[in-house]
Amino acid sequence: MQSTDLGNKESGKIWHRKPSPATRDGIIVNIIHNTSDYHPKVLRFLNVAFDGTGDCLIAGDHQGNIYVFDLYGNRFNLVQRTAQACTALAFNLRRKSEFLVALADYSIKCFDTVTKELVSWMRGHESSVFSISVHASGKYAITTSSDTAQLWDLDTFQRKRKLNIRQSVGIQKVFFLPLSNTILSCFKDNSIFAWECDTLFCKYQLPAPPESSSILYKVFAVTRDGRILAAGGKSNHLHLWCLEARQLFRIIQMPTKVRAIRHLEFLPDSFDAGSNQVLGVLSQDGIMRFINIQTCKLLFEIGSLDQGISSSVISPHGRYIASIMENGSLNVYSVQALTQEINKPPLPLVKVIEDLPKKKLSSSDLKMKVTSGRVQQPAKPRGSKIQTRILKQDLTGDFESKKNELPDGLNKKRLQILLKGYGEYPTKYRMFIWRSLLQLPENHTAFSSLIDKGTHVTFLNLQKKYPIKSRKLLRVLQRTLSALAHWSVIFSDTPYLPLLAFPFVKLFQNNQLICFEVIATLIINWCQHWFEYFPNPPINILSMIENVLAFHDKELLRHFIDHDITSQLYAWPLLETVFSEVLTREEWLKLFDNIFSNHPSFLLMTVVAYNICSRVPLLNCNLKDDFEFFFHHRNNLDINVVIRQVYHLMETTPTDIHPDSMLNVFVALTKGQYPVFNQYPKFIVDYQTQERERIRNDELDYLRERQTVEDMQAEVDQQRVEDEAWCQKQELLRKAEETRREMLLQEEEKIIQQRQRLAAVKRELQVKEMHLQDAARRRFLKLQQDQQEMELRRLDDEIGRKVYMRDREIAATARDLEMRQLELESQKRLYEKNLTENQAAVAKEMRADADAYRRKVDLEEHMFHKLIEAGETQSQKTQKWKEAEGKEFCLRSAKKASALSDASRKWFLKQEINAAVEHAENPCHKEEPRFQNEQEDASCLPRTSHLNDSSEMHPSTQISLNRRAVEWDTTEQNLIQKVRNLRQRLTAQARHRCQTPHLLAA
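Residues numbered from 1 in each chain as written. Predicted model: local features only at pLDDT ≥ 70, side-chain atom pairs only at ≥ 80, totals over all residues. Heavy atoms only, no water.

An unreviewed UniProt entry annotates the protein chain as TBC1 domain family member 31 of Macaca mulatta. Its UniProt record gives the protein chain a comment under Subunit (unreviewed entry), which states: "Interacts with PJA2; the interaction is direct and recruits PJA2 to centrosomes. Interacts with OFD1; regulates its activity in cilium assembly. Interacts with PRKACA." (UniProt positions renumbered as here; feature names shortened; annotations may be inferred.)

A.B. asks: Teacher, can you tell me more about the overall build of the protein chain here?
C.D. replies: Scanning the protein chain from terminus to terminus reveals 23 helices and 33 strands. Counting over 1002 residues, the protein chain shows a buried share of 40%. The contacts in the protein chain between residues at least 6 apart in sequence include a share of 58% that link residues at least 24 apart. Of the roughly 57400 Å² of accessible surface on the protein chain, a fraction of 52% belongs to carbon and sulfur atoms. (Helix = DSSP H or I, 4+ residues; strand = E, 2+ residues; numbered from the N terminus. Buried < 20%, exposed > 50% of the residue type's maximum accessible area, 1.4 Å probe, protein only. Contact = heavy atoms within 4.5 Å. Areas by Shrake-Rupley, 256 points an atom, 1.4 Å probe, with all protein chains shown as cover.)

A.B. asks: Any chance you could explain the sheet that holds strand β1 (residues 2–5) here in plain terms?
C.D. replies: For sheets, the rule is that strands pair by backbone hydrogen bonds, running either parallel or antiparallel. The strand order across the open sheet built from 5 strands is β1-β3-β30-β29-β28, with neighbouring strands paired in mixed fashion. The strands lining the two open edges of the sheet, one partner per strand, are β1 and β28 (309–314). Each strand of the sheet is rotated relative to its neighbour by a mean of 20 degrees, with strand direction disregarded. Where strand β3 (residues 27–32) lies against strand β30 (residues 330–334), 4 bridges are found, and the strand directions are antiparallel. In the sheet register, valine 29 faces β30, and the bridge partner there is valine 332. (Pairing = 2+ DSSP bridges. Axes fitted to C-alpha atoms, helices over the stretch in contact; angles between N-to-C directions.)

A.B. asks: Quick question: what am I supposed to make of the pattern of salt bridges here?
C.D. replies: Note on pairing: side chains with opposite charge can pair once their charged atoms come close. Within this structure, the stated rule accounts for 32 salt bridges. Aspartate 701 is paired through a salt bridge with arginine 704; the nearest N and O atoms lie 2.1 Å apart. On the criterion of helical spacing, the pair formed by aspartate 701 and arginine 704 is a turn pair, its members being 3 residues apart in helix α19 (residues 682–863). Taking relative accessible area as the criterion, aspartate 701 reaches 33% and is therefore assigned partly exposed. Residues aspartate 807 and arginine 806 are paired through a salt bridge, measuring 3.6 Å at the closest nitrogen-oxygen approach. Judged by relative accessible area, aspartate 807 falls into the partly exposed class, the value being 41%. A relative accessible area of 26% means that arginine 806 is categorised as partly exposed. What you see here is one network of salt bridges that share partners, running through Asp225, Arg227, Glu244 and Glu586. (Salt bridge = Lys/Arg side-chain N within 4 Å of Asp/Glu carboxyl O.)

A.B. asks: Help me understand the packing of aromatic side chains, please; the structure alone is not making it clear to me.
C.D. replies: Centre-to-centre distance and the angle between the planes together describe a pair of aromatic rings. Under the criterion given, the structure shown has 36 aromatic pairs. Each ring, one from tryptophan 487 and one from phenylalanine 491, has its centre 5.7 Å from the other, and the planes form 25 degrees; the classification is stacked. Classification of phenylalanine 491 by relative accessible area gives buried; the value is 0%. Between the aromatic rings of phenylalanine 560 and phenylalanine 627, the centroid separation amounts to 5.9 Å while the plane-to-plane angle is 75 degrees, which identifies the pairing as edge-to-face. Placement of the pair is phenylalanine 560 in helix α11 (residues 554–562) and phenylalanine 627 in helix α17 (residues 624–630), with a sequence separation of 67 residues. The pair phenylalanine 560 / phenylalanine 627 is uniform in exposure class, with both members buried. The structure contains a cluster of three or more aromatic residues connected by ring pairs, namely Trp434, Phe504, Phe508, Trp526, Trp588, Phe592, Phe596 and Phe666. Its guanidinium or amino end placed over the ring of tryptophan 121, lysine 109 lies 4.1 Å from that ring's centre, counting from NZ or CZ. Across from the ring centre of phenylalanine 175, 5.1 Å away, lies the NZ or CZ of lysine 173, which sits over that ring. (Phe/Tyr/Trp six-rings, centres within 6.5 Å; stacked < 30°, edge-to-face > 60°. Lys NZ or Arg CZ within 6 Å of the ring centre and 35° of its normal.)

Encoded structure:
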C-alpha cells in the first residue's frame, strides 16, 4: 500500500510508482495531510465526492482546504481554501470543472477547479447542510439541512423551491432518483414521499414498514435504474423497497455484530444495466460490507476495527471506492482487486423460481440472513403454498457434445433450454453469457493497433449527422466505427453502420474491445451476404425474407404489393437498425438473447415474425408514409409473442426457402488477429473510395474558398460593425459636445456674473488704492526731497575730488607729452640714420650695377668690334651715357622726396603737439572739426610717392624706396592713432568736468 502526504504542497503526484492493490485489502493509495508547522498536526478529511466520469474525486478537510485528485492522470491539486470546514460536496455538475461545497456558516458556494474562482454564493439555510443531491442533467441541486430542503437552479444559482416542515418532524434526506425527474424525501418519522421535480406534485407515498421490523430510517441508497430503495438505521435489519410496486419486498438481516448502519451505497456494474445487485453497508464498527441483495451473500468488506471507515463514496462506473477513515486519512480502493475472486466464472446455474403468494406477507416471510456460504432463500410461510420449479442439471451427457461446448464451462444447448424456459438470460450474467456464446477472442493487441490508427476520416464529423447528447458515447461510437473502417474498407462507405453499431456501443460503452468484437461477430455471421450488392441493400437477403413471408402470410404480402411497398421498406429498416428503433432496451436485450443463441437465420426470421405479428395495423395502412413511420418507431407489440413466432417460423418453414440453407453456421473471430473481411464487390468499393476522395478534395477546396469568403465577409462585417460603432461613438461625442457646450455657456454666464461682482469689488478697491497711493506719493515726495538734498551734498564733495584729480591728470599728461616728444625726436634721428644707411646702400648697389654694366659693355664692344661699324659703337656709348644720366636723376629725385617727407612729418608732429596743448588748456571746446581740417591739410602735403617718377628710376632702386616709404607710412599712422587716443581721453575728461556745473545748477 502506497501512502502520500500532501503536506504544504499545492500540486503533485498521487503515487510515485504504479499501484498494485492487493486482493486482501484492495487499497490503491492512502492519502494523509500533515502540516509542517512547529507543532505538526493532522488535517482530517471530512467529505469526498466523485465527478461524473468517476476518474476524479474532490475532498475537503476541516480547515477548508479542497483538493482535486485525478486518479487517471495521477495528479492532485489544491483548488480552494475556504478557511472553514466543509459539510457536504458535489462534483457532478453540468459544467464539469465546477463543484458545490457546503460550509460551516450554512452557505453553499460554487467554485471552478480550473480558474479556482468563486462562481456563485448561495445562502438560505439556517442550519448545517449535510447533503447535496444533483439532478442527472446537472441543472438542479437539492441541499438538505435538519430543518429544510431547498431546490436550486444551477444555471442561475437561484433558489427555485423550499421545503418547509414542522419542527417536530425532521428531515433525514432529500435527493433525486437517478435518471428520472423524481425527488424522494425521507423524514425522521419514517415517511417517504416521491415528488415530481418540475411541478412538485406528490406522486406517491410509501406505506409504513411492518411493525415487527419497524426501524427508524437514517440512511438510504437507490439503484442506478431507480427501482430499488435500500433503507437502514439503528438496527441490523436492512429494508429493500420496490419503488415501482411501492412496497417492501425484502428485509435483509446483517450479522449480529452489526448494531447500526451508518451509510448505504450500491456498487455499479457495467453489465447490470443499472439494476445494481451489490450493496455496500457501513456499520458502527467502521467496516463496510458488500452484499448481494438477491443472494444475501457477503462478497467482500473493507476497513477493520483498527482502521475504521467514517464515510465512503463509490465512483459512478464502479471502479473505485473512496473512504474517509476514522483517523482523518483518505483511502482509495480498487473494486477490481476486491472482486477478483468473485468475478471468476460461476458454477453451473441453478435458479429457483418462486411465485409470490397472494395473501399479504409478514416481515418474517420477507426476512433473509446474510451469510458467507451458499445462497439462502426466504422461509416459506406456513399458511401459503409456494410453487417451486427447479431446473436440475442433466448429467447424462447427451447435450455435452463438442459442438455445443462454449468457453468458461457453458453449454449452448443448456443455455437454449434455459432461454426457452425464462424467455431471457439473467440480467447479471447476460453479458457473460453473450461473450461465451459469441466466443469473443479478446484480441487486445490487434484491437489496440486498430485504435492507434486514430479516427477514420469518414467519421470525423460524425456528430453533425448523429448529434448524440452524451459526448462520451459519441467518442466511443466514433472510435468503434473507426476501428471497423480500419479493419475493412467497406465499413468506411457503409451508411447504415452507425445505426447498426449504436445499440451495442451504448450497451458496451465501458468496454470498447468487447463492443468491437460483438459488432464484428454480428457482421460476419448475422450479416452474411449483406454487402454483395453494395452500395444497394442486400437484395438476396431481402428476397429470402420475402419468400418466407409469402409462404406464411400471403395476404400481408399481397397488401404490400398492392400499395407498392417493397422489402426495402418493411424489412430493411429493421435489419439496418437491428430492431433498435422499434424496441425498448429490455425488449431489445431479450430479442438478442435469442438471436445470439440460435442460427444466423434467426435474425431474418425475426423480421418476418415482426411483420406477421403486426399484420393488423399494417393491413390498415394505405399510405407509404404510414408504412415508413411504422417501421421506424416503436409499436404496441409484445416481444415475447414475436419471439415465439420466430421459433414457430424456424420450425415450419420449408427447407427450400428456409434461410438457414443459404447462410453458413456460426463462425467465431479468430484468436490473435481478426480475420480478413472481403465479402463485397471490391471494384465498386474502390471506385466509390476514389470518387469519395475526389469529392472530399473538391469539398476541401470548396471549404477553403468558403472559408476565405467567410473571412472576407467577417472582415466586412467587422468593418461595418466598427463603422457603426464609430458613428455611434461620434454621435455620442457630438451629444456629449453639445451637452458640454451648454454646460460651458452656463458656466460662462456664471463667470460673467462673477466678473461683474468682481469689477464692482475692484472699483471699490481702486478707490481705496488711489487714496492710499496719494498718501504714499506725498510721503515719497518728501523722502525724495530729502534724498536730493543729500545727493547735492554728496555731489559737491565729488566735484571737489574730481577737480583735484583733473589737475593731477593734466600734469601727468603734460609730462607724458614731453616724454612722447623726446621719443619722437629719437625716432626721427633713428629714421634719418636708417635713411642715410639706405641711401648709402642704394648708392653702393648703383655703383656695383654700373661697374657690372660697364664690364658687360666692354665685353660686348670687344665681341662685336669686328662686326659692328664705328657708328654703332658711338651710338651705344651715347645710349650708355643717357642711362647714367637717368640714374643720376632718379637719385636726386629720391633725395628730394626724402627731404620733403621729413619736412611734412615734422610739421604734422608740431601741429599735433600744439593741438594737444591747446586742448588741455581749453577742454570744453570742440576739437574734432579742427583736427579733421588738419588731417585734410596734412593730406594736401606732397607725398614722396607723388614726387617719384618711377619710369625714370632703376627697378631695384624703386623697390627699395617703396619699402622704405611703406615703413614710414606705418610708423606715421601709429603715431597719429596714439595722438587720437590721447585726444579722445582728454575730451572725455573735459566733458565730464563741463557737465558738473550743469548738475549743480539743476
